[in-house]
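Per-entry structural report
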Amino acid sequence: MALLHISSLYVGYNSLNVLTDVNLDVEAGTQVVLLGANGSGKTTLLKSLMGLLPVHAGQIVLDTQDITRLGPSARVRAGLAYLSEIGVIASLSVEDNLNIGGYYLTRTLRRQQIRSLYQQLPILYEKRKNPASSLSGGQRKILAFAKVLMGQPRLILMDEPSAGLAPVMVNEMIQILNTYRSHGPAFLIAEQNVKFLEGAHYVYVLDNGQIRFQGTPQDLDADAHIKAAYFGLT
Ligand code: ATP
């Protein structure tokens, strides 16, 4: 049984459907990439998973719980997290942001968790006393990521982590994700940058609100038709 199971999902704005009959699974602890061009419906799918857009039809199950009609905060309690830089509070220090991310953990657990994040993400240790406002765009993304991890979610939804990042920071983000590849939460990463396939366990291609392909990155690499049609690769 998958950690996240989406079946026959229809979502849209007003009465218009943007997503049509979307079926998608994320297994516990895996990294799944949702590839799609601008306007293909990636953000619409992630927002509907967080309860920010109403579902017209279909079902979203997290573990064994039907969350299709739950509000966003109940979904967070169920183990979902949405990675967004809006979650970083610019006037607070890096460490205080992390403390807020783990506010409901015990003090001891929170400290342990912060220590282990500092080991994995040394830039945050270096900047721990600095206000988040002093971080670069890439560093702020790393802080947002760490803050979400503090909450110990089971599934993290990431909407275009590469957006606005210089290529060197994109590579760093991919490396950070790789360190969580075989342990830690599951990830559903909406992207148009095929570089994110490097560490992915599974990939779905979304086009015009429909899933056009699903398989491993190796399967996608072997599919000349999909590669040519959606990524201009030959
Ligand atoms: P991007 O990478 O540009 O964010 P995306 O794959 O995330 O693209 P969505 O933002 O989900 O795509 O948009 C999918 C479709 O839904 C697009 O055709 C878009 O015009 C439409 N859409 C998005 N937001 C709204 C809205 N608030 N009202 C009406 N239509 C919308």
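In what follows, the accompanying structure is described. (Residues numbered from 1 in each chain as written. Predicted model: local features only at pLDDT ≥ 70, side-chain atom pairs only at ≥ 80, totals over all residues. Heavy atoms only, no water.)

1. With respect to the sheet that holds strand β7 (residues 155-159)
With mixed pairing, six strands are arranged side by side in an open sheet as β6-β7-β8-β3-β9-β10. The open sheet has two edge strands, β6 (80-83) and β10 (210-215), and neither has a second partner. When the angles between neighbouring strand axes are averaged without regard to direction, this sheet yields 20 degrees. Sheet topology places strand β3 (residues 31-35) next to strand β8 (residues 186-191); five bridges connect them, and they run parallel. Note on β8: the bridge partner recorded for Val33 is Ile189. Together, β3, β6, β7, β8 and β9 (202-207) form the strand contacts of helix α1 (residues 42-50), whose direction differs from that of β6 by roughly 140 degrees. Contacts between helix α6 (residues 137-150) and the sheet are confined to β6, β7 and β8, with β6 contributing the most and set at about 170 degrees to the helix. (Pairing = 2+ DSSP bridges. Helix = DSSP H or I, 4+ residues; strand = E, 2+ residues; numbered from the N terminus. Axes fitted to C-alpha atoms, helices over the stretch in contact; angles between N-to-C directions. Contact = heavy atoms within 4.5 Å.)

2. Quick notes on helix α9 (residues 224-231)
Buried within α9 are the following residues: Ile226, Lys227 and Phe231. Angularly, the buried residues of α9 cover 100 degrees about the axis, an arc narrow enough to put them on a single face. Residues of α9 that are exposed and point over 90 degrees away from its buried face: Ala224 and His225. Buried positions along α9 lie against β3, β9, β10 and α8 (217-222). (Buried < 20%, exposed > 50% of the residue type's maximum accessible area, 1.4 Å probe, protein only. Arc of directions from axis to C-beta.)

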